[in-house]
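# Coordinate analysis (summary)
Spelled out from the first residue to the last, the chains are:
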Amino acid sequence: MAKENYAEHVKHAEHEQSNSVASAATDVDSRRQFLKFGAATGAAAASNLLFANAAVAQPPAGGGPRPNRGGGNAGANRARAALQIRERAADQHYEETLALGQQPSNGDENRYEGESFYASYSKALPSNDFGEVDPSAFESLRVAMRSGSKEDLDSIPLDSTAGRNLTNPQGAFKFEMAGLDNHATRILPPWQFRSAELAGQLGEVYWQALARDVPFINYENNRMIAAAARDLNGFSATPGARSNGPTTAANIFRGETPGDLIGPYISQFLWRDFSFGSQYIEQRFEVPLPFDFMIDEGNWLNIQRGGSPAETAFFESDLRYIFNNRSLGEYVHRDISFQAYLNAALILLGEGNDVLDPGNPYLSSPNQDGFATFGAPFILDMVTKAANLALTGAWFQKWRVHRFLRPEAMGGRIHFQLTGLRSYEIHDDILNSSAVARVYGANGTYLLPQAFIEGSPTHPSFPAGHACMAGACVTILKACFNEDYVLPETVQADATGSSLLPYTDTALTVGNELTKLANNIALGRDAAGVHYRQDGIEGLRAGEQQAISLLQDQSRTLNEDDFDGFSLKSFDGSQINIRNGEVALN
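The text that follows walks through the structure, step by step, so that each part is easy to find. Keep in mind the model is a prediction, meaning the values are calculated, not measured.

Conventions we followed
- Residue indices follow the written sequence of each chain, beginning from 1 at its first position.
- Reporting in this predicted model follows two pLDDT cut-offs: at least 70 for local features of residues, and 80 or more for side-chain atom pairs to be given and counted; totals over whole chains, interfaces and linings ignore these cut-offs and use all residues.
- The side-chain numbers reported here are obtained from all heavy atoms of the structure, hydrogens and water having been left aside.
- A run of DSSP states H or I qualifies as a helix once it reaches four residues; a run of E qualifies as a strand once it reaches two. Both are numbered from the N-terminal end.
- Buried residues are those whose accessible area, probed at 1.4 Å on protein chains only, stays under 20% of the maximum for their type, while exposed residues exceed 50% and partly exposed ones sit between those limits.
- When charges are counted, Lys and Arg contribute as positive and Asp and Glu as negative, whereas His and the chain ends are disregarded.
- Note on definitions: salt bridges are taken to be side-chain nitrogens of Lys or Arg within 4 Å of carboxyl oxygens of Asp or Glu.
- Definition of a polar contact: a pair of N or O atoms within 3.5 Å, with one able to donate and the other able to accept a hydrogen when the atoms are protein atoms, and with sequence-neighbouring residues admitted only if both atoms are side-chain atoms.
- For two strands to count as paired, DSSP must find a minimum of two bridges between them.
- Every angle, taken between N-to-C directions, lies between 0 and 180 degrees, and every axis is a line fitted to C-alpha atoms, over only the stretch in contact when it is a helix.
- Oblique is the label for any angle not under 35 degrees, not over 145, and not in the 65 to 115 range, which are roughly parallel, roughly antiparallel and roughly perpendicular in turn.
- Two helices that cross are described as forming a left-handed crossing if the nearer one is turned anticlockwise from the farther one by less than a right angle, and a right-handed crossing if clockwise.
- Residues are treated as being in contact if the distance between any of their heavy atoms lies within 4.5 Å.
- The residue classification treats Ala, Val, Leu, Ile, Met, Phe, Trp, Tyr, Cys and Pro as nonpolar and Asp, Glu, Lys and Arg as charged. All others, Gly included, are polar.
- Take the buried residues of types Ala, Val, Leu, Ile, Met, Phe, Trp, Tyr and Cys, join any two whose side-chain atoms come within 4.5 Å, and each joined set is a nonpolar core.
- Ring geometry is summarised as follows: Phe, Tyr and Trp rings, the Trp one being its six-membered ring, pair when their centres sit within 6.5 Å, and such pairs are stacked at plane angles under 30 degrees, edge-to-face over 60 and tilted between the two.
- Charge-over-ring placement is defined geometrically: NZ (Lys) or CZ (Arg) within 6 Å of the ring centre, and within 35 degrees of the ring normal.

Residue position: D335 is located in the loop between α10 (325–334) and α11 (339–349). Buried and unpaired, D335 has R525 as its nearest opposite-charge partner, separated by 5.6 Å. A polar contact of 3.0 Å, which involves the side chain of D335, links it to the side chain of H466.

Here we come to the pattern of salt bridges. A side chain of one charge can pair with a side chain of the opposite charge if their charged atoms are brought near each other. As enumerated under the stated definition, the model contains 27 salt bridges in all. The shortest N-O distance in the salt bridge between R403 and E109 comes to 2.9 Å. With R403 in the loop between α12 (376–402) and α13 (407–418) and E109 in helix α4 (residues 108–111), this residue pair connects regions lying 294 residues apart in the sequence. Taken individually, R403 and E109 each receive the classification buried, so the pair is uniform in this respect.

Once that is clear, we can look at the sheet that holds strand β6 (residues 575–579). In spatial order, the strands read β5-β6-β7; together these three strands make up an open sheet with antiparallel pairing. Sheet topology places β5 (566–569) and β7 (582–585) at the edges, where each strand pairs with a single neighbour. In this sheet, adjacent strand axes meet at a mean angle of 25° when their direction is disregarded. Bridging between β6 and β7 involves four bridges; their strand directions are antiparallel. Paired with N577 across the two strands is A584, which belongs to β7.

Attention shifts here to the packing of helix α16 (residues 465–480) against helix α18 (residues 533–557). Taken N-terminus to C-terminus, the directions of α16 and α18 make an angle of 45°; their axes are 6 Å apart at the nearest point. Judged on the interaxial angle alone, α18 and α16 are oblique. Of the two possible hands of crossing, α16 and α18 adopt the one that is right-handed. Of α18, the residues touching α16 (which contributes A467, C468, A470, G471, A472, T475, I476 and A479) are D535, G536, G539, L540, A542, G543, E544, A547, I548, L550 and L551. Counted by class, the contact of α16 with α18 contains twelve nonpolar, five polar and two charged residues.

A separate point is the nonpolar core. By size, the foremost hydrophobic cluster in this structure holds 135 residues, and its most contacted members are Y341 and I430. Apart from residues lying up to four places away in sequence, Y341 is in contact with V383, H466, M469, A470, C473, V474, L477, L517 and I521.

Enumeration according to the criterion identifies 20 aromatic pairs in this entry. Considering the side-chain rings of Y112 and F193, the 5.9 Å spacing of their centres and the 65° angle between planes classify their relative orientation as edge-to-face. One end of the pair, Y112, is in the loop between α4 and α5 (135–147); the other, F193, is in the loop between α6 (150–154) and α7 (196–210), with 81 residues separating them in the sequence. Each member of the pair, Y112 as well as F193, is classed as buried. The rings of Y362, F374, F378, F563 and F566 are connected pair by pair, giving a single aromatic cluster. Over the ring of Y424 we find R413; its NZ or CZ atom is 5.7 Å from the centre of that ring.

Further remarks concern the pairing of β6. Summarising the sheet, β5 and β6 pair through four bridges and their orientation is antiparallel. Its bridge partner lying in β6, K569 is registered against Q575. Connecting β5 to the next strand, β6, in antiparallel fashion are five residues, including G573 with a positive phi near 95°. The turn joining β6 and β7, which pair antiparallel and follow one another in sequence, is formed by two residues; a positive phi near 50° is taken by N580.

Here you go:
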């Protein structure tokens, strides 16, 4: 279901903020003061150094007039203009951040504090035989996430059997020099552990595991997919956008924008061949054989404690195109952070000038082409730059606010409750789901089957880092390319992934296929069993916020007077324009 009822959800969550979140908010205020102080003192120091104590005008509110970029004393004027641009951008982000409220959590960390924090992420920390964390170890994590001190971070204990470290919790404290500070994104909190909404999303993840080997091209007539749709429609809170209607073979497991429902399940940008410089790239990948992992208590508990995997994955002998959720899951298992979006940019750049955004000023220039601005180097740099900016924003949300448990841990809670060994506050919808019963029939446990031998990464679930990067990078691509451009010679993978077939049913546009690409990556992690839908949807929104702030900064730096701003359609369908640091709805 869509999150139309999130207002009530957020209102409730705001009354149940955990101590750690309150402390994080206090730390955010301190960060804001630091940023303001740093901007002021940095400007003063630069002024003294460059201009021999010459006065520098304070930046006006908003975008302000464009600084003088040349003139009589070119060196000093240029330096002053550069300083003013940086000051204005920093001041705008500072004021916008001050206006934000505290990032709400769902209150679960406080709610289950006396019950071993069973609704919170604790992978690799010391735990009992049911995967429940040692409360003192979890408290050490909370303390470290409040302070950020090396002493506290080094004091977080790992399980005695752990072979894996926690993944970069200190990254949550990093500052940014471009765009929003990573503590300044605001997203809806995750659903509570006991909610019908989380039950519905977990039901979807169980069905994605059961249907991993069903080819996308066969969804319409597949019995497993039909059973999944029936079961998910019976949940009190069916996952997916309400605007998409009931779950069917046509919309199951897809993203929540209109473009996600048009054409094949997989974006053209994950199938089409392209040139990487002088190298020709065919998008075929290694695909695992159809085996799932962590389906017995011993392997599951070993992985929860951070142990090295005792199971082994095997692969098909030939490379395949992405054709089912197992192949998609493996793609998002081993991809480089900005790989899919860099590839998409190269595919689009290969289409020539017609695919560039109509607002690109060099489309109408009588004697110039874009290069360092508005050309290939500019676009590729912006895509890669946005990726890590979004990742640091994800790390703030993951480690300092939500610390939400992974689906594999939730599967353990379901297993031990249904076997009568433990009792948790789990919604009946997931306990009674036919997906959970099918998993038990196949494996003899209720544990969620994982696509990766190591299960999830060793960092919290919400929001998904992949989704944050997808949201940011795709937002950059939509700002640089013509979203209405119709892609030629569209394709889809056959039922084995061995070849690509022509797809001619409907026209596929750049905008829709880019949005689909973002959701393929974000929700492909769900198909592997390591995320919930909410992690992807809210992650896309967080990444989009940071990409927009990056575009704001870039729009201040450009010399092209005939540029009317970056224009794009946001994930919620709004048409926005970004010019001279200001964002406007069209």
